[in-house]
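# Topology and contacts: notes
One-letter residues, chain by chain:
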Amino acid sequence: MVSIALYEKIVRIKKDNIQLTEFLKEIERIDDEIIKQEYMPALRDMRALIEGLCKYICQTNDIQIKSDDPNINHLSSALLENKIIDYHILPWFNAFNSVANEAAHEIDSSKIFEMEQEIKNDLFETTIKLGQHLILQLFSKV
């Protein structure tokens with residue numbers, strides 16, 4: 001599915017930023033889950049990583065979040081309002097989160113897990129690719 005691991009792409013972007021070590025460890029774990037086609041854990045972990053990166057960017061830029069319990073949607077909106085991300089990727093956060101949130105909580109509100117296996121795998125692979133792109137976008141803003 002992916003020719004170059006996300007970790008390798010991020011290391012090329014950020015090289016020796018010691019503050020990002022924990023994020024990089026998480027990316028290595030996610031890459032391993034993707035290679036093993038463990039989509040549910042990969043989506044759950046990507047969701048947590050994206051949320052963590054959004055919080056980190058908000059904190060380092062003194063961006064106030066309008067929620068006591070911010071999620072990806074709140075955080076990405078705050079990043080947009082503060083011109084950290086472009087408006088065209090905001091729906092990508094929402095699309096990613098809609099599938100990853102169900103994977104993280106093992107919720108099947110839309111019968112996502114009752115799809116034919118090929119369709120389900122395609123949905124997960126597409127969502128993972130979208131998550132990888134969002135992670136790259138966020139790392140470029142750190």
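Residues numbered from 1 in each chain as written. Predicted model: local features only at pLDDT ≥ 70, side-chain atom pairs only at ≥ 80, totals over all residues. Heavy atoms only, no water.

### Observations concerning the packing of helix α3 (residues 39-60) against helix α6 (residues 117-139)
Heads up, the condition is: Axis geometry follows a simple rule: fit a line to the C-alpha atoms, using only the stretch in contact for helices, then measure angles between N-to-C directions, giving values from 0 to 180 degrees. Strands are runs of DSSP state E lasting at least two residues, helices are runs of H or I lasting at least four, and both sets are numbered from the N terminus onward. Any angle from 65 to 115 degrees is called roughly perpendicular, while one under 35 is roughly parallel, one over 145 is roughly antiparallel, and all others are oblique. Crossing handedness is defined as follows: a turn of the near helix away from the far one that is anticlockwise and smaller than a right angle gives a left-handed crossing, while the clockwise case is right-handed. We call two residues contacting when some pair of their heavy atoms lies within 4.5 Å. Residue type decides the class: Asp, Glu, Lys and Arg count as charged, Ala, Val, Leu, Ile, Met, Phe, Trp, Tyr, Cys and Pro as nonpolar, and the leftover types, Gly among them, as polar.
Where α3 contacts α6, the axes come no closer than 10 Å and their chain directions differ by 20°. Compared by their axis directions, α3 and α6 come out roughly parallel. When the axes of α3 and α6 are compared, the crossing they make is left-handed. Taken together, the residues of α6 that come into contact with α3 (itself represented by Y39, M40, A42, L43, M46, L49, I50, L53, C54 and I57) are N121, F124, E125, T127, I128, G131, Q132, L134, I135, L138 and F139. Looking at side-chain class alone, the contact of α3 with α6 contains 16 nonpolar, four polar and one charged residues.

### Here we look at the packing of helix α2 (residues 21-35) against α6
Interaxial distance between α2 and α6 falls to 13 Å at its minimum, and their mutual angle equals 165°. When the interaxial angle is binned, α2 and α6 end up roughly antiparallel. Crossing angle aside, the handedness with which α2 passes α6 is left-handed. Here F23, I27 and I34 of α2 lie close against α6, whose contacting residues are I128, Q132, I135 and F139. Split by residue class, the contact of α2 with α6 holds six nonpolar, one polar and no charged.

### Focus on α2
Defined as follows: Helix span is expected to be 1.5 Å times the residue number reduced by one. Here's how the labels work: a residue is buried when its accessible area is under 20% of the maximum for its type, exposed when over 50%, partly exposed in between, all with a 1.4 Å probe on protein chains only.
Taking 1.5 Å per residue, 15 residues should reach 21 Å; α2 reaches 21 Å between its end C-alpha atoms and fits that length. Listing the buried residues of α2 in full gives F23, L24, I27, I30, D31, E33 and I34. Backbone geometry just downstream of α2 places Q37 in the positive-phi region, at approximately 60°.

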